[in-house]
Amino acid sequence: MEGRRQGFKRLAISDQQRRREIALLRQSQQRRDSQNHARSLASSLLSLPNPSHHNHQQQEEQPFHEELEEPQEESSSSTRDFDVLGASKLKGAEARKWFSRQLMLPEWMIDIPPRLNHDWYVYTRPSGKRCFVVSSDGTTVSRLRNGSILHHFPSSLPNGARTRDNSGSAQSYCLLDCIFHEHDQTYYVIDMICWKGYSLYDCTAEFRFFWLNSKLVETGACNTPSTYHKYKFSVVPIYDCDQMGLQTAYLGTVPYIKDGLSFYNKHAHYHTGTTPLALVWKDENCSQYVIDTDSKGQIPPHQQVVLVLNEDGSLTTSDDPPIVFGCLSHEFILKSDLKPGNFLRFTIGDEGMSFIDGKLERADLHYTNQAYRARASADSYSKILFQYTARHSPLKIEDLVASLGSSEDVAEEAKDVEMIG
């Protein structure tokens, strides 16, 4: 995999970079009581009953690429002010939606960020089930994005088992962001949210990853399973996104099934919900699922998208603010017995989508049916666009490598400006 040194330029089809800049500015201006938030979330993950919805199993049995379906976003302030323990009163779709918002979820990479090789990490994403893992009061619990319990088990995490050597105060809890890999029954830790009661929400990814790599191994959680440590934990190798790091993440051997590449901005705090400061990218060489498949595992001839129907008949994505893709007439809504809030499935016809100045102008939508009821949200704009470009003009690994040369040029220009100043 050889990089091209010339500058890289791709036609903008979104405002992803602008939103990255806003997200970084917002986190520097806002502070929250992350300690209380982490404590309440850990308590909820341990104590809430397992949601009993008949469609949970159906939802989790979707192909792995569905794991990256972003939930509907809310403003950061509403998420922070929400009483975490109040989640115990939520059921069905509301419970699934609430739990899914507690994870930091990536957008799909549509535009390559500038300074990719200076401000970003890259790692090979394991294929599996995204989940929280919390250890507290002598036990360990993992919960999926829909809130259902995946495993309840003893572990070597701090206060994660009732043993003499692994005891601690009630405040000595840990909260990890993991992917459970079925093939080797291992929890691959991709982020650390709280460690021994110390919240890392407002710490940069650079600091969180440093702590993750230094602290997890010390506990013995990465050791072979035993009586008081039922599942193995492992840290995902994370690299600086320079040419060597990108090549290693893309071509290197890992002990798990690959499901694309994940990119994290080094300065990003742990944002609950979807954020452009974390990105996912895939091609056929590093993921089994690049283009979405149907229920039979086949790639449909036309791209399928899921949008939410609003009171005024508009069809929008899960983004905040939502992106309008089209509108249904009042007559069609009545004839099809549709209601506001329904998630509707459409295909994108031969006329495709068109853009002006990085914004969607129109989409050739054709209604097919309502989406399954267990679904928590519509598709995000970044997912729809990634799937669209994957079919027509995919962002290739060569493009990513070429952009690293452009990033170096930008960095050198910045140094020259500083020296002149």
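Keep in mind it's a predicted model, so treat the numbers as computed, not measured.

Participant: Is there a simple way to explain the state of the cysteines in this structure?
Facilitator: What we call a disulfide is simply a covalent bond connecting the sulfur atoms of a pair of cysteines. Under the counting rule described, the total for this entry stands at zero disulfides. Looking at Cys-131, it has no disulfide partner, and the nearest cysteine sulfur is the one in Cys-178, 5.4 Å off. Given the relative accessible area of 0%, Cys-131 is considered buried.

Participant: Help me understand the pattern of salt bridges in this model?
Facilitator: Any two side chains of opposite charge can pair if their charged atoms end up close together. Scanning the entire structure with this criterion turns up twelve salt bridges. Glu-182 is paired through a salt bridge with Lys-129; the nearest N and O atoms lie 3.5 Å apart. With Glu-182 in the loop between β6 (174–181) and β7 (186–195) and Lys-129 in strand β3 (residues 129–136), the pair connects residues that are 53 residues apart, well separated along the chain. Judged by its relative accessible area of 40%, Glu-182 falls in the partly exposed class. Between Arg-130 and Asp-177 there is a salt bridge, and its shortest N-O distance comes to 2.6 Å. Of the two residues, Arg-130 is situated in strand β3 and Asp-177 in strand β6; the sequence distance between them amounts to 47 residues. Here Asp-177 falls in the buried class, since its relative accessible area comes to 0%.

Participant: Could you clarify how one ought to interpret the nonpolar core in this entry?
Facilitator: Across soluble globular proteins, nonpolar side chains show a tendency to be buried alongside one another. By size, the foremost hydrophobic cluster in this structure holds 27 residues, and its most contacted members are Met-104, Leu-175, Ile-193, Val-236, Tyr-264 and Tyr-270. Contributing elements (two or more residues each) for this core: β1 (104–108), β2 (120–126), β3, β6, β7, α7 (205–219) and β12 (273–281). With four residues, β7 is the single largest residue contributor to this core. Residues Leu-150, Leu-200, Ala-221 and Phe-233 belong to the second largest nonpolar core, which totals 23 residues.

Participant: Just to check I follow, could you spell out the pairing of β7 for this structure?
Facilitator: Where a strand is regular, its side chains alternate between the two sheet faces. For β7, the tally of buried residues reaches ten of ten residues, placing the bulk of the element in the interior. Sheet analysis places β6 next to β7, joined by seven bridges and oriented antiparallel. Residue pairing for β7: Leu-176 is matched across the bridge by Met-192. In the sheet, β7 pairs with strand β9 (residues 232–235) via four bridges, with the strands oriented parallel. If you follow Thr-186 over to β9, its bridge partner there is Lys-232. Here two bridges tie β7 to strand β8 (residues 198–199), and the two strands are oriented antiparallel to one another. Across the sheet, residue Trp-195 finds its bridge partner in β8, namely Tyr-198. Two successive antiparallel strands, β7 and β8, enclose a turn made up of two residues, where Lys-196 displays a positive phi of approximately 50 degrees.

Participant: Can you help me understand the sheet that holds strand β14 (residues 314–316) in this one?
Facilitator: Taking strand neighbours across the sheet as the criterion, the five strands line up as β15-β14-β13-β16-β17 in an open arrangement whose pairing is antiparallel. Of all the strands in the sheet, the pair left with one neighbour each is β15 (324–327) and β17 (359–370). Across this sheet, the average inter-strand angle for adjacent strands is 45 degrees, counted without regard to direction. When strand β13 (residues 304–309) meets β14, the two strands line up antiparallel, connected through two bridges. Bridge pairing in β14 places Leu-309 opposite Leu-315. Sheet contacts for helix α10 (residues 381–392): β13, β15, β16 (343–356) and β17; angle to β16, the most-contacted strand, approximately 65 degrees.

Participant: Looking at this structure, how should I read the side chain of Thr-316?
Facilitator: Considering the arrangement of structural elements, one finds Thr-316 in strand β14. Residue classification places Thr-316 among the buried residues on the basis of a relative accessible area of 5%. Polar contacts involving the side chain of Thr-316 include one to the side chain of Asn-310, which spans 3.0 Å. Beyond its immediate sequence surroundings of up to four residues, Thr-316 is in contact with Leu-307, Val-308, Asn-310, Pro-322, Ile-323, Val-324 and Ala-378.

Participant: Where do I start with a nonpolar patch on the surface in this structure?
Facilitator: On the surface, Tyr-198, Phe-207 and Phe-210 cluster together into a nonpolar patch covering about 310 Å² of accessible area. Here Tyr-198 is to be found in strand β8. Under the relative-accessibility criterion, Tyr-198 is labelled partly exposed at 40%.

Participant: In this structure, what is going on with the confidence of the model for the protein chain? I would like to understand it.
Facilitator: The pLDDT averaged across the protein chain works out to 82; a share of 74% of its residues lies at or above 70. Across residues 52–67 the pLDDT falls below 50, and counting only partners more than four positions away or on other chains, this stretch makes 35 contacts in the model. In this model, residues 413–421 is a region of pLDDT below 50 whose contacts with residues beyond four sequence positions or in other chains number zero contacts.

Participant: It is not clear to me how the environment of Lys-266 should be interpreted in this structure. Could you clarify?
Facilitator: Among the secondary structure elements, Lys-266 is positioned in the loop between β11 (258–265) and β12. Residues Lys-266 and Tyr-121 lie 145 residues apart in sequence; the distance between their C-alpha atoms is 6.5 Å. Residues contacting Lys-266, with those up to four places away along its chain left out, are His-118, Asp-119, Trp-120, Tyr-121, Thr-204, Ala-205, Glu-206 and Asp-240. There is a polar contact of 2.9 Å between the side chain of Lys-266 and the side chain of Asp-240.

Calculation notes
- Residues numbered from 1 in each chain as written.
- Predicted model: local features only at pLDDT ≥ 70, side-chain atom pairs only at ≥ 80, totals over all residues.
- Heavy atoms only, no water.
- Disulfide = S-S within 2.5 Å.
- Buried < 20%, exposed > 50% of the residue type's maximum accessible area, 1.4 Å probe, protein only.
- Salt bridge = Lys/Arg side-chain N within 4 Å of Asp/Glu carboxyl O.
- Helix = DSSP H or I, 4+ residues; strand = E, 2+ residues; numbered from the N terminus.
- Core = buried A, V, L, I, M, F, W, Y, C linked by side-chain atoms within 4.5 Å.
- Pairing = 2+ DSSP bridges.
- Axes fitted to C-alpha atoms, helices over the stretch in contact; angles between N-to-C directions.
- Contact = heavy atoms within 4.5 Å.
- Polar contact = N/O pair within 3.5 Å; in protein donor to acceptor, adjacent residues only side chain to side chain.
- Patch = residues over 30% accessible without salt bridge, like charges linked within 9 Å, V, L, I, M, F, W, Y side chains within 5 Å.
- Areas by Shrake-Rupley, 256 points an atom, 1.4 Å probe, with all protein chains shown as cover.
- pLDDT = per-residue confidence, 0-100.

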